[in-house]
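As a plain string of letters, each chain reads:
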Amino acid sequence: MLIEARGVTKSYGRTRALAGVDLTLARGEILGLVGHNGAGKSTLVRAIAGLEGIDGGALRVAGTDRSRGYTLAAAEALGVRLAYQELSLAPDLTVAENAYLSYRGALPRLTWQRTAGRRIARALDEIFPGHGISVHARVGELPMPKRQMVEIARATLADDVSLLILDEPTESLGPDAAASMYAHVHRMTAAGASVLLISHRMGEVLAHCDRVAVLQDGRVTAVRPAREVDEHTVLRLMGGEVHAAAEQRAPAPAAAARAGEPVVRFPVGRRGAGTLEVLPGEIVGLAGLAGQGQQELLERLWRPGLRALSRAGASVPRSKAFVPGDRQTSGILPLWTVAQNIAVGTMRRLARAGVIPRAGEQDAVATWVERLAVKGGAAAPILSLSGGNQQKVLVARAFASDARLILLDDPFRGVDVQTKNEIYARMRAEAERGRSIVWYSTENSEMAHCDRAYVFRAGEIVAELRRPDITEERIVAESFAAIEDGEEVHV
Ligand SMILES: Nc1ncnc2c1ncn2[C@@H]1O[C@H](COP(=O)(O)OP(=O)(O)OP(=O)(O)O)[C@@H](O)[C@H]1O
């Protein structure tokens, strides 16, 4: 056994993150770790990676007791590597410099920069062929999917990786990059390494893992061979209020044909050849392969600038709210509580003129904390929340405001399936009340919840789909139809 945990406990103040975890991981095995936001998944893998001491129980790694005095350096010496859910790269350094920082000891002193660059380039080529990333690029300038690729590649750099821990690795990768990553994971395990995979994407977990372990309130409550269970069963095992209806629910029916003047009309593309239009009460998706200009468009809708608005017919309402997908660089106010982070809709920068009425503020906060099951509650400091729960707070902030237009920049990464379904239903209810939503997602299947979706390719709109044609297959087909002229694609 590479990992053996027996009765492992860990508390943060009064929060019991791990309440007696029993788990084993064999050499060469891929083990999926699933559970709701806040179940304890990240805490457990941080303990295994030596980033977090445990309070009680026993943890054995590679046959030795590591219950006390186990550190990151000790874990790395055993070949344990963690690719973080929260990207851990230094944004001001280049890709090569970040690689160097992880492997200082292992690289020749004088030629380190070249060596680190070569190694990370080789790892990227192997895992994500066609990645299009320069090792001289500053990490902060890379779009999320590419940063995630660097994060994963960096974790595989050491020669002697015995355990690769992937914490929601595919949340911002496109389907092709995710497939390449899993192919590499299988190559690594064929060579004897083990992999621990945390993911909310049940399909991926069942397709690639040998066994699935379910974590619930800090305990492993079930372990099953992946080929013996289906998504429905795993969701049931995850328990709580999950029942059959919590599976990726069929999208709610689209409202009857919308009418009225568009709330948004905005030029798209280099020569403004296309136009984005959004009607009152409409949910509009920005679909396509990752990084085709969808996020740039959201940014421009958020801060349109006078020039864009001076175009004939262009309009974007003043009353709008923005939900970023990258909570690290925008969004979370780290010193504040959950309630304060939600109520901050009153600050102009975060929700322009989309303001939570003062009198209703407490109620609005309480309602949304409950609706989205923010584990930790309204009074908790935001940084004490699990990643998925922090993300829910950003979503709550936008919906608790009275903004007419809500801009969503891939905001549900890391949010568990049950809560996602709750959010989809909420979005539909808010649209019924006349709000408009513009939504970019790296998960093309999510676009099925939209009334209409624009497919983007190289910054241009190449197709417009309506229900029931907004399927993953159609989106991919339209994306590739637009590049048949032999243009190079990076996905
Ligand atoms: N540094 C911390 N301080 C206080 N509480 C914490 C801290 N880190 C985690 N917790 C709490 O421990 C519990 C488990 O969190 P953890 O991050 O392990 O959950 P998770 O299963 O990884 O969730 P997610 O799917 O959202 O990433 C949560 O209730 C969380 O609020």
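Owing to the predicted nature of the structure, the values given are computational and were not obtained by experimental measurement.

**Q** I'm lost on the overall build of the chain in this one. Help?
**A** The helix and strand inventory of the chain stands at 15 helices and 18 strands. Among the 491 residues that make up the chain, the fraction classed as buried is 54%. Long-range pairs, those at least 24 residues apart, make up 67% of the contacts in the chain between residues at least 6 apart in sequence. Counting only carbon and sulfur atoms, one obtains 51% of the accessible surface of the chain, whose full area is about 20,700 Å².

**Q** Please explain the site of the ligand as it appears in this structure.
**A** Around the ligand, 21 residues are found, and the nearest of them are Ser42, Thr43, Ser384, Ser386 and Gly388. At 3.1 Å from an oxygen atom of the ligand is found a main-chain nitrogen or oxygen belonging to alanine 39. One of the backbone nitrogen or oxygen atoms of glycine 40 is found 2.9 Å away from an oxygen atom of the ligand. Expressed as a share of its isolated accessible area of 640 Å², the protein-covered part of the ligand is 86%. For the shell around the ligand, the element with the highest residue contribution is helix α1 (residues 41-48), accounting for four residues. In terms of residue class, the shell around the ligand is made up of four nonpolar, 14 polar and three charged. Each of domain 1 (3-242) and domain 2 (264-481) contributes no fewer than three residues to the shell around the ligand.

**Q** Looking at this structure, I do not really get the sheet that holds strand β16 (residues 436-440). What am I missing?
**A** One key point about sheets: their strands pair by backbone hydrogen bonds, in either a parallel or an antiparallel sense. Read across the sheet, six strands follow the order β14-β15-β16-β13-β17-β18 without closing on themselves; strand pairing throughout is mixed. Here the strands that pair on one side only, and so sit at the sheet edges, are β14 (320-323) and β18 (460-466). When the angles between neighbouring strand axes are averaged without regard to direction, this sheet yields 20 degrees. Across six bridges, the pairing between strand β17 (residues 452-457) and β18 is antiparallel.

**Q** Is there a simple way to think about the pairing of strand β7 (residues 163-167) in this case?
**A** Walk down a regular strand and you will see the side chains alternate between the two sheet faces. The buried count for β7 comes to five of five residues, which makes it a mostly enclosed element. Alternating residues of β7 divide into Leu163, Ile165 and Asp167 and Leu164 and Leu166, and every residue in both groups is buried. By the bridge criterion, four bridges tie strand β6 (residues 80-83) to β7 in an arrangement that is parallel. Across the sheet, arginine 81 pairs through a bridge with leucine 164, a residue of β7. Pairing analysis gives five bridges linking β7 to strand β8 (residues 194-198), with the strands arranged parallel. Note on β8: the bridge partner recorded for leucine 163 is serine 194.

Cut-offs applied
- Residues numbered from 1 in each chain as written.
- Predicted model: local features only at pLDDT ≥ 70, side-chain atom pairs only at ≥ 80, totals over all residues.
- Heavy atoms only, no water.
- Helix = DSSP H or I, 4+ residues; strand = E, 2+ residues; numbered from the N terminus.
- Buried < 20%, exposed > 50% of the residue type's maximum accessible area, 1.4 Å probe, protein only.
- Contact = heavy atoms within 4.5 Å.
- Areas by Shrake-Rupley, 256 points an atom, 1.4 Å probe, with all protein chains shown as cover.
- Near = heavy atom within 4 Å.
- Polar contact = N/O pair within 3.5 Å; in protein donor to acceptor, adjacent residues only side chain to side chain.
- Nonpolar A, V, L, I, M, F, W, Y, C, P; charged D, E, K, R; others polar.
- Domains from an automatic or database assignment.
- Pairing = 2+ DSSP bridges.
- Axes fitted to C-alpha atoms, helices over the stretch in contact; angles between N-to-C directions.

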